[in-house]
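# Coordinates in review
The lines below spell out each chain.
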Amino acid sequence: LQRVEVCDIVFVLTELLETSESSDLRTMGAIGLRRTKSPDAVEPLIAALSDKEESVRKAASQGLKEITGMDFGADAQQYQTWWSANKDRLAENAPE
């Protein structure tokens, strides 16, 4: 079997999070992104903070807290501001 790259997993989970009509699948997408611990998951998780379903927003918030080490709850603007200032540093320390 070929090794699946984290960037491929992030891509698939982001598609699930952004395009699924099922809130359960979008929640699973956010949980999966959290588990990658990849900085590439941050922007889709920030966007998911505005999802209409609370379960998706909660999973996105938990993922952002785990990946960034910051806890802004469901405040997308605070995460976006922090991300703009820190994404390069976080990317340098990302797991391979």
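Residues numbered from 1 in each chain as written. Predicted model: local features only at pLDDT ≥ 70, side-chain atom pairs only at ≥ 80, totals over all residues. Heavy atoms only, no water.

This paragraph deals with the packing of helix H1 (residues 6-19) against helix H2 (residues 23-36). Taken N-terminus to C-terminus, the directions of H1 and H2 make an angle of 155°; their axes are 8 Å apart at the nearest point. Here H2 runs roughly antiparallel to H1, going by the angle between their axes. Relative to H2, the crossing made by H1 is left-handed. Where H1 approaches H2, its residues Val6, Ile9, Val10, Leu13, Thr14, Leu16 and Leu17 are matched on the opposing element by Leu25, Arg26, Gly29, Ala30, Gly32, Leu33 and Thr36. When the residues that make up the contact of H1 with H2 are grouped by side-chain class, the tally is nine nonpolar, four polar and one charged. (Axes fitted to C-alpha atoms, helices over the stretch in contact; angles between N-to-C directions. Helix = DSSP H or I, 4+ residues; strand = E, 2+ residues; numbered from the N terminus. Parallel < 35°, antiparallel > 145°, perpendicular 65-115°, else oblique. Left-handed = near helix turned anticlockwise from the far one by under 90°. Contact = heavy atoms within 4.5 Å. Nonpolar A, V, L, I, M, F, W, Y, C, P; charged D, E, K, R; others polar.)

A few words on the confidence of the model for the protein. Mean pLDDT over the protein: 92, with 92% of residues reaching 70 or higher. Least confident of the elements in the protein is helix H5 (residues 76-92), whose mean pLDDT is 92; most confident is helix H3 (residues 42-48), at 98. (pLDDT = per-residue confidence, 0-100.)

This paragraph deals with the packing of aromatic side chains. All chains considered together, the criterion is met by one aromatic pair. On the basis of an interplanar angle of 75° and a centroid distance of 4.9 Å, the ring pair of Phe72 and Tyr79 is categorised as edge-to-face. Just as Phe72 is buried, Tyr79 falls in that class too. (Phe/Tyr/Trp six-rings, centres within 6.5 Å; stacked < 30°, edge-to-face > 60°. Buried < 20%, exposed > 50% of the residue type's maximum accessible area, 1.4 Å probe, protein only.)

Below, the discussion takes up unusual backbone geometry. With a phi close to 60°, Lys37 is a non-glycine residue in the positive phi region. Topologically, Lys37 is positioned in the loop between H2 and H3. Residue classification places Lys37 among the partly exposed positions, given a relative accessible area of 43%.

Of all hydrophobic cores here, the largest spans 21 residues; its most connected members are Leu17, Leu33, Val42, Leu45 and Leu64. When contributions to this core are tallied by element, the ones reaching two or more residues are H1, H2, H3, helix H4 (54-68) and H5. (Core = buried A, V, L, I, M, F, W, Y, C linked by side-chain atoms within 4.5 Å.)

Next up on the list: the environment of Arg57. Position of Arg57 among the secondary structure elements: in helix H4. Placed 34 residues apart in sequence, Arg57 and Ala91 show a C-alpha to C-alpha distance of 23 Å. When near neighbours in sequence (up to four residues on either side) are disregarded, Arg57 contacts Ala48, Leu49, Asp51 and Lys52.

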